[in-house]
Amino acid sequence: ATRRAQRTRISLEKLTTPAGETAFTVGKGMVAGGAALGLGSLCFYGLASKEISALDKRAFWSDEVKQRIRSTYFYFGASIGLTAATAVAIARTPALMNIAMKSSMTSMIGGIVVLIGTSMLTQSIPYKEGIGSKQLAWMLHSAVVGGIVAPLTMLGGPLLVRAAWYTAGVVGGLSALAMCAPSEKFLNMGGPLAIGLGVVFVSSLGSMFLPPTTSLGAGLYSISIYGGLVLFSMFLLYDTQKVIKRAENHPVYSAQKFDPINACMGIYMDTINIFIRIATILAGGGGRRK
């Protein structure tokens, strides 16, 4: 019993010792490895693979399928624009910014509940063209995401512009990879991605309570930031091919119209998560903390 107590005390001391560079070095290695894997996959699928990709099938798409994909990416771009506009508007309104900057447990839980609630509301309403309840719920959800992103404006405009360009490069490159890969190659990653999401979510919660100045806190923070960046990049591959498959397989004559808003929700949230993590890394949040 004495030996077990001693081993437990030593383990706790190791976890609570000041953080070194190891946790963040591992995180940077994960990102570098993911980037190398993505580049290698793009070269393979674009040059060597003989399997049919979405890019190959594009020549056989009907006008209806092309219109569905265009509509999906129109709403995706509009979602990004609404989120950015809302974040800037909140940043310029001190009363709203004070609410967005609150870091209490109640405010964080409330923000998560509102985010999930508006997302579920948006996806539950049937799609109709024009401005209706579906579009209003979608705009509300984009505004809520803007409120979550608003505190990042404290990092400064130049850094956020740089993070936006990096995000555009990552999203563009991964979208190209998803188009060049065999049309359903990444759709088989749903199970592993769900497990990874659980790990990143738990790490994010843990990093809220454990200071990143300790080894355990730094490790959890590194998983949340760097591991989350790799995870949501993989989600973007998965969701991009999911958008294409939905557009191809939705019946032309159906009582329920193809829903471009629901179709874009996955790639939209992937992009937001990638942007938040890139901005955090550029701001020094993923490096050594003293």
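Details of the structure are given in the entry above.
Predicted, not measured: the structure shown is a model, and the values here were computed from it.

(A) Fine view of the packing of helix 7 (residues 133-149) against helix 11 (residues 260-282). Where helix 7 meets helix 11, the closest approach of the two axes is 12 Å, and the angle between their N-to-C directions is 10 degrees. Classified by the interaxial angle, the pair formed by helix 7 and helix 11 is roughly parallel. Counting all contacts with helix 7, which are made through Lys134, Gln135, Trp138, His141, Ser142, Val145 and Val149, the residues of helix 11 involved are Ile261, Asn262, Met265, Tyr268, Met269, Ile272, Phe275 and Ile276. Looking at the contact of helix 7 with helix 11 residue by residue, the classes come out as 10 nonpolar, four polar and one charged.

(B) Geometry of the packing of aromatic side chains. Scanning the entire structure with this criterion turns up five aromatic pairs. On the basis of an interplanar angle of 85 degrees and a centroid distance of 5.1 Å, the ring pair of Tyr75 and Trp138 is categorised as edge-to-face. Of this pair, Tyr75 sits in helix 4 (residues 63-91) while Trp138 sits in helix 7, placing them 63 residues apart in sequence. Tyr75 sits in the buried class, given a relative accessible area of 10%. Judged by its relative accessible area of 7%, Trp138 falls in the buried class. Put simply, the rings of Phe74, Tyr75, Tyr127 and Trp138 pair up and form one aromatic cluster.

Criteria and thresholds
- Residues numbered from 1 in each chain as written.
- Predicted model: local features only at pLDDT ≥ 70, side-chain atom pairs only at ≥ 80, totals over all residues.
- Heavy atoms only, no water.
- Axes fitted to C-alpha atoms, helices over the stretch in contact; angles between N-to-C directions.
- Helix = DSSP H or I, 4+ residues; strand = E, 2+ residues; numbered from the N terminus.
- Parallel < 35°, antiparallel > 145°, perpendicular 65-115°, else oblique.
- Contact = heavy atoms within 4.5 Å.
- Nonpolar A, V, L, I, M, F, W, Y, C, P; charged D, E, K, R; others polar.
- Phe/Tyr/Trp six-rings, centres within 6.5 Å; stacked < 30°, edge-to-face > 60°.
- Buried < 20%, exposed > 50% of the residue type's maximum accessible area, 1.4 Å probe, protein only.

Such coordinate-based values are descriptive only and should not be taken to indicate function.
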